[in-house]
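Structural features, examined
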Amino acid sequence: MFLTYMQTVTKELVSWMRGHDSSIFSISVHASGRYAITTSSDTAQLWDLDTFQRKRKLNIRQSVGIQKVFFLPLSNTILSCFKDNSIFAWECDTLFCKYQLPAPPESSSIIYKVFAVTRDGRILAAGGKSNHLHLWSLEATRLFRIIQMPTKIRAIRHLEFLPDSFDAGSNQVLGILSQDGIMRFVNIQTCKLLFEIGSLDEGISSSVISPHGRYIASIMENGSLNIYSVQALTQEINKPPPPLVKVIEDLPKNIPTAGDVKMKMTSGRVLRPARCKEHKTQTRIIKQDLTGNLENKENELSDGLNKKRLQILLKGYGEYPTKYRMFIWRSLLQLPENHTAFSNLLDKGTHVAFLNLQKLYPIKSRKLLRVLQRTLSALAHWSSIFSDTPYLPLLAFPFVKLFQNNQLICFEVVATLIINWCQHWFEYFPNPPINILSMIENVLAFCDKQLLQHFIDHDITSQLYAWPLLETVFSEVLTREEWLKLFDNVFSNQPSFLLMTVVAYSTCSRAPLLNCTLKDDFTYFFHHRNNLDINVVIREAYHLMETTPADIHPDSMLDAFVALTKGQYPVFNQYPKFVVDFQRQERERIRNDELDYLRERQTVENMQAEVDQQRLEDEAWYQKQEELRKAEEARREMLLHEEEKMVQQRQRLAAVKRELKMKEIHLQDAARRHFLKLQQAQHEMELRRLDDEIERKVQMRDREIATTARDLEMRQLELESQKRLYEKNYTRNQEVFAKEFREDADAYRQKVDFEEHMFHKMIETDQTQTENAKKVIEEKLAKAEQACLNTDWKIQALHKQKCDDLQRNESYQEMTKLLRKNRRKEVELLNAMMEEEAKKWKEAEEKEFHLRAEKKASSLSDTSRNWFLKQELSAALEHAERPFSKAEDSCLQREQKAPGSLARTSQLTDISGVDPSTGLPLRRSTAEWHGKKENLLKKVRDLRQRLTAQAQNRHLSQSLLAM
């Protein structure tokens with residue numbers, strides 16, 4: 001979105017400001033007119049209206065929208081109101097956050113939609129979709145009042161304070177436009193409804209109040225525009241304040257002396273009921289001087305100031321305080337502030353004499369130019385002579401620049417200056433004021449005859465050394481601070497002080513002026529700043545005011561100070577009316593003649609333009625026809641030339657085609673030969689690769705055969721070590737059995753201590769059997785560990801097999817099938833051997849049982865205690881036999897799970913019979929058992945070698961077929 005800035009008088013586009021992405025719904029202008037704030041739903045931007053550039057930008061989160069951002073009146077504070085009811089105050093220059101208003105109470109919490117601020121910026125009114133109205137004190141930053149409207153009001157659409165000329169900006173009447181289209185005006189202090197406009201049938205859509213609170217303009221819902229007079233609606237709103245109340249005691253009939261009479265007087269304004277602040281009246285006891293008069297009323301100014309005291313203060317400090325200078329000037333000049341009269345002058349618009357002011361005075365600041373144009377136009381509408389006064393812009397410009405934010409004060413200051421300090425300036429209009437310049441020359445002749453004679457000798461008149469200072473009111477030769485200090489003294493004295501200042505400026509500069517001899521040097525001196533102390537000039541002016549004789553003193557020829565009248569401005573006709581009228585008539589006649597001349601010239605120019613246009617069109621047509629003819633001939637020649645070129649190009653193209661065809665044939669032949677060579681090289685490379693693959697596979701086969709041979713050798717060594725271990729165990733077992741037999745024989749021979757011997761034998765037998773069980777378990781554990789190692793070796797071999805190619809894997813799978821068949825046969829063979837072994841053990845157990853029965857029968861003759869010991873011995877033997885059977889069963893289960901390890905099973909002895917002498921079971925020789933085992937292992941090795949050779953031959957044949 002963009003913002004357009006237009007000149008209201010000339011309707012010209014001044015600036016086009018871009019920056020908003022959404023529509024702008026609020027614009028607030030600073031009281032000085034320099035800054036403006038534009039507000040949209042997502043951002044607020046601060047603009048400099050002098051340069052029309054964006055100064056700052058306020059960005060917020062998307063979840064929190066902006067409700068309104070505006071300037072507080074007569075301050076540099078910006079108030080930002082958001083949709084979450086948060087209100088912040090910012091400093092305009094630094095954008096420093098001054099304060100934040102606290103959250104309203106929950107009992108009366110509303111979403112703020114509309115806002116209004118009093119003219120003094122102390123009270124903020126906020127409302128929304130509720131019948132509650134919140135009043136905030138911005139000085140104390142607190143909510144000091146909640147006004148509840150009637151229940152029929154559900155929402156507040158607009159708020160605006162009604163201005164009052166007599167409340168010093170603390171507006172007390174608030175206009176509230178509700179959803180029913182009725183605007184009610186309420187006193188915020190008494191909460192009393194004063195009056196209302198609009199009705200349910202004819203509701204108000206929007207409304208605005210004039211700056212002075214006299215009129216209310218409302219746009220009705222039916223589209224009409226109604227203007228209301230506040231004075232007609234109520235008589236109490238704009239009631240003027242009563243005069244100052246003074247209570248003076250009546251004098252007795254007998255006039256006492258001056259020292260005995262006292263008077264009680266109270267000063268202060270009578271308070272209106274609507275004022276929120278309490279004023280205390282000041283009571284003073286003063287003595288009344290009955291013999292003398294009271295102080296001259298001329299020295300008494302408005303606002304309680306005294307002119308004599310101000311002059312004393314000015315002489316003491318040389319200037320007024322900057323903070324109070326404008327206030328003092330307004331009091332010294334006694335400005336009436338006629339708002340209505342000034343508004344009427346502004347309503348007449350820009351005067352025709354100043355429409356092109358920017359061409360004569362190109363001021364950089366457009367705002368300053370507009371204020372100057374309005375002020376000069378108001379002066380021209382006030383008195384017609386000012387429309388023809390050429391030096392009026394120079395005279396008014398310093399005051400316009402000083403009071404650019406208050407055009408009314410600016411106008412009244414310039415008007416007061418013209419009426420009092422510019423007396424008799426227009427009697428010789430349009431010439432400079434000869435009479436005023438003569439006064440200055442007389443004073444200069446009195447105080448510095450040498451300087452005047454120097455001016456006369458070089459033909460320098462008062463129009464050259466005095467008039468430039470007067471028509472510019474010293475603004476060209478002084479700085480801003482010097483000019484303000486000078487006019488502090490000018491406005492504090494009589495009108496003749498300005499003329500004395502002109503003389504003092506020349507006398508204080510007599511040294512450089514006496515050195516000047518050229519007229520251009522004098523002209524430059526009185527139009528530019530010089531190295532001169534303004535304080536010296538002011539002191540010299542005061543000295544001239546006191547020492548100048550009465551016969552040549554300007555006071556004798558100038559009137560005393562006269563202020564502007566209240567209500568309406570006085571008529572200004574102190575100029576030769578016939579000259580002005582004649583000039584105006586002549587100017588009007590010249591303007592009409594000029595308009596006639598311009599119209600005729602415009603007609604002639606239009607006719608000449610038409611003739612020239614026709615002539616140019618004819619010349620252009622002839623020229624175009626000639627150009628077309630030449631172009632046609634040129635194109636015919638070009639066509640013939642192009643046809644010749646085309647024939648030549650076709651011939652060259654045919655030759656090129658033949659060459660390209662031959663090149664294509666050669667390239668195809670070369671590509672075919674290159675392709676054949678490449679194919680032959682690829683075949684040779686493939687043969688080399690196959691040879692390398694065959695060699696690699698042969699090497700791999702040799703490595704595998706060597707590895708298998710080494711594994712078989714390792715197994716052979718393991719079997720040999722196991723053979724020696726089993727032989728050692730067998731020998732140990734034979735010794736144990738021999739010892740047992742000897743102990744049994746000794747038992748028969750030692751009957752005396754049989755009881756004790758049998759007990760020790762039982763204990764020894766138990767220990768021996770336990771040790772044997774441990775040894776068997778350790779042997780079985782070693783066998784299990786060996787089986788695990790063999791299984792790990794097979795797993796590693798299997799992983800190696802998986803890394804080979806697919807053909808080798810298939811051949812290995814076939815070999816694995818053969819190995820599985822062989823393993824099943826081995827398992828069947830070993831199972832048969834184990835069954836035979838189990839049968840032999842069963843037979844041994846039966847014979848052992850028979851032996852125990854015989855022993856039991858032979859011992860029946862023994863005592864009962866011997867029989868008890870024999871029972872304990874048999875129980876111990878049974879307990880020792882159970883671990884052997886459990887260990888053998890677990891070994892068989894592990895060997896069935898790992899068929900490859902069956903070749904290294906336990907070497908259990910085969911029972912062939914019973915020893916007739918001892919009755920113990922007999923065992924076969926270990927050599928016979930190991931011989932059978934060696935034959936079996938040899939057959940397994942031969943079978944594996946045949947299977948490996950068959951798999952390798954099959955793999956080699958498949959590789960050759962693949963090549």
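Residues numbered from 1 in each chain as written. Predicted model: local features only at pLDDT ≥ 70, side-chain atom pairs only at ≥ 80, totals over all residues. Heavy atoms only, no water.

- An unreviewed UniProt entry lists the protein chain under the name TBC1 domain family member 31, with Dipodomys ordii as the source organism.
- Under the Function (unreviewed entry) heading, UniProt states for the protein chain: "Molecular adapter which is involved in cilium biogenesis. Part of a functional complex including OFD1 a centriolar protein involved in cilium assembly. Could regulate the cAMP-dependent phosphorylation of OFD1, and its subsequent ubiquitination by PJA2 which ultimately leads to its proteasomal degradation."
- UniProt annotates the protein chain under Subunit (unreviewed entry) with the comment "Interacts with PJA2; the interaction is direct and recruits PJA2 to centrosomes. Interacts with OFD1; regulates its activity in cilium assembly. Interacts with PRKACA." (UniProt positions renumbered as here; feature names shortened; annotations may be inferred.)

1. A closer look at the packing of helix α9 (residues 434-447) against helix α14 (residues 496-508)
- In contact at an axis separation of 9 Å, α9 and α14 are set at 45° when each is read in the N-to-C sense. Of the possible angle classes, the one that applies to α9 and α14 is oblique. Crossing of α9 over α14 shows right-handed handedness. Listed contacts from α14 to Ile436, Met439, Ile440, Val443, Leu444 and Cys447 of α9 are Leu499, Met500, Val502, Val503 and Thr507. (Axes fitted to C-alpha atoms, helices over the stretch in contact; angles between N-to-C directions. Helix = DSSP H or I, 4+ residues; strand = E, 2+ residues; numbered from the N terminus. Parallel < 35°, antiparallel > 145°, perpendicular 65-115°, else oblique. Left-handed = near helix turned anticlockwise from the far one by under 90°. Contact = heavy atoms within 4.5 Å.)

2. Side note on unusual backbone geometry
- Residues other than glycine seldom take positive phi values, yet Gln334 does so here, at roughly 55°.
- Mapped onto the secondary structure, Gln334 falls in the loop between α3 (325-333) and α4 (339-347).
- Gln334 sits in the partly exposed class, given a relative accessible area of 33%.
- If you check the backbone angles, Asp459 has positive phi at about 60° while not being a glycine.
- Residue placement: Asp459 occurs in the loop between α10 (449-457) and α11 (462-465). (Buried < 20%, exposed > 50% of the residue type's maximum accessible area, 1.4 Å probe, protein only.)

3. Some words on the sheet that holds strand β16 (residues 173-178)
- If you walk across this open sheet you meet the 4 strands as β15-β16-β17-β18, and the pairing is antiparallel. In this open sheet, the two strands that pair with only one neighbour each are β15 (156-162) and β18 (192-197). Going from strand to strand, the sheet's axes swing by 25° on average, the running direction of each strand aside. (Pairing = 2+ DSSP bridges.)

4. Concerning the pattern of salt bridges
- Evaluation of the coordinates by the stated rule reveals 24 salt bridges.
- Put simply, Glu319 and Arg325 hold a salt bridge, and the shortest N to O gap is 3.1 Å.
- By relative accessible area, Glu319 is classed as partly exposed at 30%.
- The partner of Arg615 in a salt bridge is Glu619, with the nearest N and O atoms 3.3 Å apart. Here the residue Arg615 and the residue Glu619 both occupy positions in helix α18 (residues 577-749), the gap between them amounting to 4 residues, near one helical turn. (Salt bridge = Lys/Arg side-chain N within 4 Å of Asp/Glu carboxyl O.)

5. Overview of the sheet that holds strand β21 (residues 225-229)
- Strand order across the open sheet formed by 3 strands is β19-β20-β21, with antiparallel pairing between neighbours. Lying at the two open borders of the sheet, with one neighbouring strand each, are β19 (204-209) and β21. Across the sheet, the axes of successive neighbouring strands diverge by a mean angle of 20°, strand direction being ignored.
- Bridge count between strand β20 (residues 215-220) and β21: 5 bridges; the pairing is antiparallel. If you follow Ser218 over to β21, its bridge partner there is Asn226.

6. Points about the confidence of the model for the protein chain
- Confidence in the prediction of the protein chain, expressed as mean pLDDT, is 78, and 78% of residues score 70 or more.
- Contacts for the low-pLDDT stretch residues 897-925, under 50 throughout, to residues beyond four places or in other chains number 71 contacts. (pLDDT = per-residue confidence, 0-100.)

7. Notes on the environment of Lys485
- Within the secondary structure layout, Lys485 lies in helix α13 (residues 480-491).
- When near neighbours in sequence (up to four residues on either side) are disregarded, Lys485 contacts Gly318, Glu319, Ile534, Asn535 and Ile538.

8. A word on the pairing of strand β12 (residues 123-128)
- The element β12 is largely enclosed, with a buried count of 6 among its 6 residues.
- Taking every second residue as pointing to the same face, both faces of β12 are buried, with Ile123, Ala125 and Gly127 on one and Leu124, Ala126 and Gly128 on the other.
- Bridging between strand β11 (residues 112-117) and β12 involves 5 bridges; their strand directions are antiparallel. Bridge pairing links Ala116 to Ala125 in β12.
- Between the antiparallel neighbours β11 and β12 lie 5 residues, among them Gly121 with a positive phi of about 70°.
- Of the strand pairs in this sheet, β12 and strand β13 (residues 132-137) are connected by 4 bridges, and their pairing is antiparallel. Following the sheet pairing, Ala126 is matched in β13 by His134.
- Between the antiparallel neighbours β12 and β13 lie 3 residues.

9. Considering the nonpolar core
- Counting 99 residues, the largest nonpolar core has Trp382, Leu470, Phe474, Trp483, Phe487 and Phe491 as its most contacted members.
- In this structure, Phe474 is in contact with Leu469, Trp483, Leu486, Leu498, Thr501, Val502 and Tyr505, ignoring residues within four places of it in sequence. (Core = buried A, V, L, I, M, F, W, Y, C linked by side-chain atoms within 4.5 Å.)

10. Side note on α3
- Where α3 is concerned, the buried positions are Arg325, Ile328, Trp329, Ser331, Leu332 and Leu333.
- Where α3 is buried, its residues touch α2 (307-317), α7 (392-402), α8 (407-420) and α13.
- One or two residues past the end of α3 sits Gln334, with phi positive at roughly 55°.

11. Structural notes on the packing of aromatic side chains
- The full count for this structure, using the stated rule, is 32 aromatic pairs.
- Judged by centre distance (5.0 Å) and plane angle (85°), the ring pair of Tyr391 and Trp467 falls under edge-to-face. Of this pair, Tyr391 sits in the loop between α6 (366-382) and α7 while Trp467 sits in helix α12 (residues 467-471); the two residues are 76 residues apart in sequence, bridging distant segments of the chain.
- Since its relative accessible area comes to 8%, Trp467 is described here as buried.
- Aromatic rings pair up to connect Phe342, Trp382, Phe386, Tyr391, Phe411, Trp425, Phe426, Trp467 and Tyr569 into one cluster.
- Its guanidinium or amino end placed over the ring of Phe70, Lys68 lies 5.2 Å from that ring's centre, counting from NZ or CZ. (Phe/Tyr/Trp six-rings, centres within 6.5 Å; stacked < 30°, edge-to-face > 60°. Lys NZ or Arg CZ within 6 Å of the ring centre and 35° of its normal.)

12. Brief notes about α2
- Looking at α2, one finds that the buried residues are Lys307, Leu310, Gln311 and Leu314. Down the axis of α2, the buried set is contained in an arc of 100°. They therefore lie on one face. Along α2, the residues that are exposed and aim more than 90 degrees away from the buried face are Arg309, Ile312, Gly316 and Tyr317.
- In this fold, the buried residues of α2 make contact with α3, α13 and α17 (534-547). (Arc of directions from axis to C-beta.)

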